[in-house]
Amino acid sequence: KQTKDSVTLSWSSGCYQLRVWHSPFRLEILCEQEVMVTFNSKDKLWFERLQHRPSLIIKEQSVLLNFILRDICCAPSGPSSIGADLCLHGFRHVYGLPQHADNLQLRDTRDGEPYRLYNLDVFAYPLYSRLGLYGSVPLMVAHKPDRTLGVFWLNASETFINIQYSPSDHQVTFVSVRAEPQTDVHWLSESGMIDCMVLLGPSPQQLFAQYAQLTGYQALPPLFALGYHQCRWNYIDEADVKSVDAGFDRHSIPYDVIWLDIEHTDGKRYFTWDPVHFPEPAKLQQHLEKKNRKLVIISDPHIKVDPSWSLYCEARDGGHFVKDREGQIFKGSCWPGESSYLDFSSSATRAWYSRCFSLDKYKGSTPLLFVWNDMNEPSVFSGPELTMPKDAVHCGDWEHRDLHNLYGFYQHMATVEGLITRSGGLERPFVLSRSFFAGSQRLGAVWTGDNVANWEYLKISVPMVLSLSLAGIAFCGADVGGFIQDPEPELLVRWYQAGALQPFFRGHSANVTNRREPWLFGDEVTAAIRTVIQQRYSLLPYWYTLFHQAHTSALPPLRPLWVEFPEEESTFSVDSQYMLGGALLACPVTEPGIQEIKVLLPGSDDIWYDIHSSLVYNGGRTLSLPVTLDTVSLDDYFTCVIFIKSDDLLSQSPDCNLLSPQGTADGELYLDDGHSFRYRDRKAFCLRRFSMLSGLIQSVTILGVKSKPSAVIVHASGKEIWH
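Now for a description of the structure that goes with this document. Computed from a prediction, not measured in an experiment: that's the story for all the values here.

## Considerations on the overall build of the protein
A count of helices and strands for the protein gives 15 helices and 39 strands. Within the protein, counting contacts between residues at least 6 apart in sequence, those at least 24 apart form 71% of the total. Accessible surface, the protein: about 29000 Å² in total, of which carbon and sulfur atoms supply 53%.

Pasting the structure below:
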């Protein structure tokens, strides 16, 4: 319908409406006649027209303006910033916008810096900071008891987001009459176009699916990738790798992947091997294959400037490098020294790079070799903020400022395609990337970068991975033990316990730290680490089923409590504990020397079980639980079926735990071959829903039985078997 001042469009049988006001211009999204979102509510809609190069240099007046306008005299079309504001009516809790080392709930920015999305190599990044880190996902998620809503600002240039909650915390405290809450959000990007999408939910699960329809679903990883990964910068040589591999066997600690950092190459030339320390890489991979283990190597986007190296010459002559503003090949400094950077924004460059992973071209590689993309923000030691200058030029004459946050995403894409092509399109790849953008979930895994071995970094890892999970990047984790500095034994054990409850589970350490294999800290620490890694492997059927759900319905394995308990406001700000799927509640111990931990058990009508002691607790309260060094705080939700493993990784015979106070329980199990695309191309998979008395199960553990039964009857094929 139309009035003098507005036009209203409706859909979904009139439930939803979009009202467009022309003076002043604004858009309102309504549900059942109630305004949910207003676009341009404060008249901050802004875009600069492209123009000739400005002749005057603008004097920066503030820190923010300095960020936005630096290098402005170099922009060929002049300043090109865009911005817009939205009001989210009724909301006081917003999340998302990874990557930041901060709390899960985004903070009010009126008294400080805005949140910044600008991919950077930040070694030992500051905590509780709004500055950008390695990756960027411009998705904000808002939640209140009756609705979850999202705002996706599709822009890959440097972006700032200001957030204001109303009423403010001060007003909430001192104003007796409660005002209707709202959150005002202001987006500002350096260049590009306004491409803003509002996701209406209304449930968290529906919002995840809506976002996945736009940017892609989480890739289903090969099963080995959900096991434990052992990494160090750097294992010295082939003998060192074999020694560490044997150490895991000797101490009965399961693991699936061992990693090699930059020192495995010949002078930091990627796609090569050090001829002295790694002379027979194929035999090394075959040695690991006998134990069903894999090798991961690093491959960064910078290429050593070396006219005697055939790969450099191939990239140079093929026009695959980023140019500087004068049209010459851009050169910067990184690990090899003077380097040039591949232009992954070019489809031709991506195709060329993908071919570099073929078995005939990458000498010494085998189908058991997988890849780690690092330093791909991109990191340029000699550049501004340790990254590429904004006036560098990409394919199609696009300036780097326009696509900066996409650079690592494009390398990740090319690497994934290379591994898929290497297998003839048959095998699932595994590629870890440090830099990422919206949509990286459909490529593989990411992690939280170069963390420090202290308790604060352990604590912040939980909200960091939850924020990534809300933004669609489900395969994520923090390096166990901290990459930088040496952890004390208690911290190391607690980090293993926390890391085992995150999707990507890797131990990693820098070359300046002491060796950190799990058996180097005494028998007590070794036993504790062995136990937690074994528990991780026992839950692999559950993890794999959760990733099937992420792959098909966009439900992340790690979920803030409010995702499963959307009406309980006590959960809205909790980021020290979370749900692992819909059945397990995790509360990692992240403080030293404590003897008890407080755990919020949501759901006043619900029942919870301690997964280790089988004790039963009512929900709707905060519980104090004693902890020791061996304690992994993990509780089971009522009426669920949990599948565990008691044998090797690839066995298809999981055991089953049934939990139920009402005498009924159900759950889901997904199985396939664990490595190929046959589940997709030939529908070669098994997806089963189990209830308490259905299915062929090796062993069943039933919790919640108040007294020992006098007899157990098994019904099978119409027969009754007494036990």
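From this point, the narrative continues.
## Observations concerning the environment of L615
Turning to its location among the elements, L615 is positioned in the loop between strand 29 (607-610) and strand 30 (616-618). Residue L615 is classed as partly exposed on the basis of its relative accessible area, which comes to 46%. Sequence separation of L615 and D635 is 20 residues, and the distance between their C-alpha atoms is 9.7 Å. Non-local contacts of L615, meaning those with residues more than four positions away in its chain, are made with W608, Y609 and D610.

## Remarks on the environment of C15
Tracing the chain through its elements places C15 in the loop between strand 1 (6-11) and strand 2 (16-22). A C-alpha to C-alpha distance of 7.8 Å links C15 and Q33, two positions 18 residues apart in sequence. With sequence-adjacent residues up to four places away left out, C15 is seen in contact with L30, C31 and E32.

## Topic: a negative patch on the surface
On the surface, E34, D146, E180 and E567 cluster together into a negatively charged patch. A residue is classified by how much of its surface remains accessible, and E180, at 58% relative accessible area, is exposed.

## So, the sheet that holds strand 16 (residues 294-298)
Pairing in this open sheet of eight strands is parallel, and the strands run 23-22-21-20-16-15-14-24 from one edge to the other. Two strands bound the open sheet, and with one partner strand each, they are strand 23 (476-477) and strand 24 (505-507). Where strand 16 meets strand 20 (residues 369-373), four bridges bridge the pair, whose relative direction is parallel. In the sheet register, L295 faces strand 20, and the bridge partner there is L369. Of the strands in this sheet, strand 20, strand 21 (431-433) and strand 22 (445-447) are in contact with helix 9 (residues 407-422), which crosses strand 20 at around 175°.

## Observations regarding the nonpolar core
W259, L295, F430, Y496 and I533 are the most contacted members of the largest nonpolar core, which has 153 residues in total. Every residue in contact with Y496, bar those within four places of it in the chain, is listed here: Y228, Q230, V480, F505, R516, P518, I529, V532 and I533. Grouped together as the second largest cluster of nonpolar side chains are 28 residues, C31, V94, L106 and L117 included.

## Description of the sheet that holds strand 19 (residues 337-341)
Sheet strands pair by backbone hydrogen bonding; their relative direction is either parallel or antiparallel. Spatial strand order, 17-19-18: three strands in an open sheet with antiparallel pairing. At either end of the open sheet lies a strand with only one pairing partner, and these are strand 17 (302-304) and strand 18 (332-334). Between one strand axis and the next, the sheet turns through 60° on average, direction left out of account.

## With respect to the packing of helix 12 (residues 523-538) against helix 13 (residues 540-553)
Viewed as axis vectors pointing N to C, helix 12 and helix 13 meet at an angle of 50°, and their least axial separation amounts to 5 Å. Looking at the two axes, helix 12 sits oblique to helix 13. For the pair formed by helix 12 and helix 13, the contact residues are R536, Y537 and S538 on the first element and L540, P541 and W543 on the second. The residue makeup of the contact of helix 12 with helix 13, split by class, is four nonpolar, one polar and one charged.

## A look at a nonpolar patch on the surface
A cluster of nonpolar side chains, W335, F381 and L386, forms an exposed patch at the surface whose accessible area comes to about 240 Å². Positionally, W335 belongs in the loop between strand 18 and strand 19.

## Comments concerning the pairing of strand 16
Counting buried positions along strand 16 gives five out of five residues, so the element sits mostly inside the fold. Alternating positions in strand 16 separate into two faces, K294, V296 and I298 on one and L295 and I297 on the other, with burial throughout. As judged from the four bridges shared by strand 15 (residues 257-260) and strand 16, these two strands associate in the parallel manner. When the sheet's bridge partners are listed, I258 is paired in strand 16 with L295. Between the parallel elements strand 15 and strand 16, the chain passes through helix 5 (residues 281-289) in a crossover that is right-handed.

Cut-offs and rules
- Residues numbered from 1 in each chain as written.
- Predicted model: local features only at pLDDT ≥ 70, side-chain atom pairs only at ≥ 80, totals over all residues.
- Heavy atoms only, no water.
- Helix = DSSP H or I, 4+ residues; strand = E, 2+ residues; numbered from the N terminus.
- Contact = heavy atoms within 4.5 Å.
- Areas by Shrake-Rupley, 256 points an atom, 1.4 Å probe, with all protein chains shown as cover.
- Buried < 20%, exposed > 50% of the residue type's maximum accessible area, 1.4 Å probe, protein only.
- Patch = residues over 30% accessible without salt bridge, like charges linked within 9 Å, V, L, I, M, F, W, Y side chains within 5 Å.
- Salt bridge = Lys/Arg side-chain N within 4 Å of Asp/Glu carboxyl O.
- Lys, Arg positive; Asp, Glu negative; His and termini not counted.
- Charge placed at Lys NZ, Arg CZ, Asp CG, Glu CD.
- Pairing = 2+ DSSP bridges.
- Axes fitted to C-alpha atoms, helices over the stretch in contact; angles between N-to-C directions.
- Core = buried A, V, L, I, M, F, W, Y, C linked by side-chain atoms within 4.5 Å.
- Parallel < 35°, antiparallel > 145°, perpendicular 65-115°, else oblique.
- Nonpolar A, V, L, I, M, F, W, Y, C, P; charged D, E, K, R; others polar.
- Right-handed = clockwise from strand over helix to strand, strands pointing away.

The values reported here are purely geometric and, on their own, carry no functional implication.
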